[in-house]
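# Descriptive structure summary
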Amino acid sequence: RDRADVVIDTSGMNTWQLRDAVAQEMAPGDRPRMQVTFSSFGFKHGVPREADLMFDVRFLRNPHYVAELTALTGLDPSVAGYVADDPGYGEFMDRLYALLDHVLPLYEAEGKRHLVVAIGCTGGRHRSVTVAEALAARYRDDLDVTVTHRDADRPAEARAQ
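A few points on the structure. (Residues numbered from 1 in each chain as written. Predicted model: local features only at pLDDT ≥ 70, side-chain atom pairs only at ≥ 80, totals over all residues. Heavy atoms only, no water.)

### A short note on the overall build of the protein chain
When helices and strands are counted, the protein chain shows 4 helices and 4 strands. Tracing the protein chain from N to C terminus, the helices and strands come up as α-β-β-α-α-β-α-β. Sorting the 161 residues of the protein chain into buried and exposed places 37% on the buried side. In the protein chain, once contacts between residues fewer than 6 apart in sequence are set aside, the share between residues at least 24 apart is 79%. Accessible area of the protein chain: about 9500 Å², with a carbon and sulfur share of 52%. (Helix = DSSP H or I, 4+ residues; strand = E, 2+ residues; numbered from the N terminus. Buried < 20%, exposed > 50% of the residue type's maximum accessible area, 1.4 Å probe, protein only. Contact = heavy atoms within 4.5 Å. Areas by Shrake-Rupley, 256 points an atom, 1.4 Å probe, with all protein chains shown as cover.)

### Looking at the sheet that holds strand E3 (residues 114-121)
In spatial order, the strands read E2-E3-E1-E4; together these 4 strands make up an open sheet with parallel pairing. The strands lining the two open edges of the sheet, one partner per strand, are strand E2 (53-56) and strand E4 (144-149). Taking each pair of neighbouring strands and ignoring which way they run, the sheet shows an average axis angle of 15°. Note: strand E1 (residues 35-42) against E3, 8 bridges, orientation parallel. (Pairing = 2+ DSSP bridges. Axes fitted to C-alpha atoms, helices over the stretch in contact; angles between N-to-C directions.)

### Digging into the packing of helix H3 (residues 89-109) against helix H4 (residues 127-139)
The geometry of H3 relative to H4 is characterised by a closest axis approach of 12 Å and an angle of 50° between their N-to-C directions. Here H3 lies oblique to H4, going by the angle between them. In this structure, H3 meets H4 at a crossing whose hand is right-handed. Residues Tyr-89, Phe-92, Met-93, Leu-96, Tyr-97, Leu-100, Asp-101 and Leu-104 of H3 pack against Thr-130, Val-131, Ala-134, Leu-135, Arg-138 and Tyr-139 of H4. Looking at side-chain class alone, the contact of H3 with H4 contains 11 nonpolar, 1 polar and 2 charged residues. (Parallel < 35°, antiparallel > 145°, perpendicular 65-115°, else oblique. Left-handed = near helix turned anticlockwise from the far one by under 90°. Nonpolar A, V, L, I, M, F, W, Y, C, P; charged D, E, K, R; others polar.)

### Focus on the nonpolar core
The tendency in soluble globular proteins is for nonpolar side chains to be buried side by side. Among the nonpolar cores identified, the biggest contains 31 residues, and Phe-38, Leu-100, Val-131, Leu-135 and Tyr-139 are the most heavily contacted of them. Elements with a minimum of two residues in this core: E1, E2, helix H2 (77-84), H3, E3 and H4. Sort the elements by how many residues they give to this core and H3 lands first, with 8 residues. Not counting chain neighbours up to four residues away, the residues in contact with Leu-100 comprise Phe-38, Leu-53, Pro-105, Leu-135 and Tyr-139. (Core = buried A, V, L, I, M, F, W, Y, C linked by side-chain atoms within 4.5 Å.)

### Points about the pattern of salt bridges
Side-chain pairs of opposite charge can arise where the charged atoms are in close proximity. Here the structure, examined in full by the defined rule, presents 6 salt bridges. The salt bridge partner of Asp-151 is Arg-154, with a shortest N-O separation of 2.9 Å. On the basis of relative accessible area, Asp-151 is assigned to the buried category, the value being 1%. Arg-154 sits in the partly exposed class, given a relative accessible area of 37%. (Salt bridge = Lys/Arg side-chain N within 4 Å of Asp/Glu carboxyl O.)

Spatial relationships are all this shows, so hold off on functional conclusions.
Shown next as C-alpha cells:
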C-alpha cells in the first residue's frame, strides 16, 4: 500500500502510542536495534547536556600523572592497560556491565530508540576514554553502538612539578 495513503486515527492515543503506530506503519514488523552512544568527557570542560546516564570514573588512578602517558589518550593501549590495572577497575566494570545489562533492555522496551551513556573523568583524555571504549566493545554486537570522545583531542595540560 502507498505510504501517502495511510491515515492513523490518533483519537485516544497518547504520544507514545502515536510514536509506536507511526513506527509500525513505516517499518511493519521491523524493530531496529536501539542506538547507544558511549561518550567520554572531562568534568573540567562541563558535563554533556545530552547524557541520559552519566558515570564518574575519577576514582580510578590518573594516567595524567605518569610522564610517559600524559600526552597520550585512553585509545593508546599503554594508557588503557594502566587504567585497567587499577585495583578498582575490574569490579567497577563488572558492576557497570550488570547495571547496563539490566537497564538497556528496559529503556528499549519503554520505546527509547537512542541513549547517551556519558563517562567522565577530570580532563576527558584517559580514564573516561578507556571506559567508554570498553563499554562500546561490550555492547557492539547487541546494539547499534557509537563511541565519541568529546575532549580527548584537547591538548594535555602541563603537570605540576
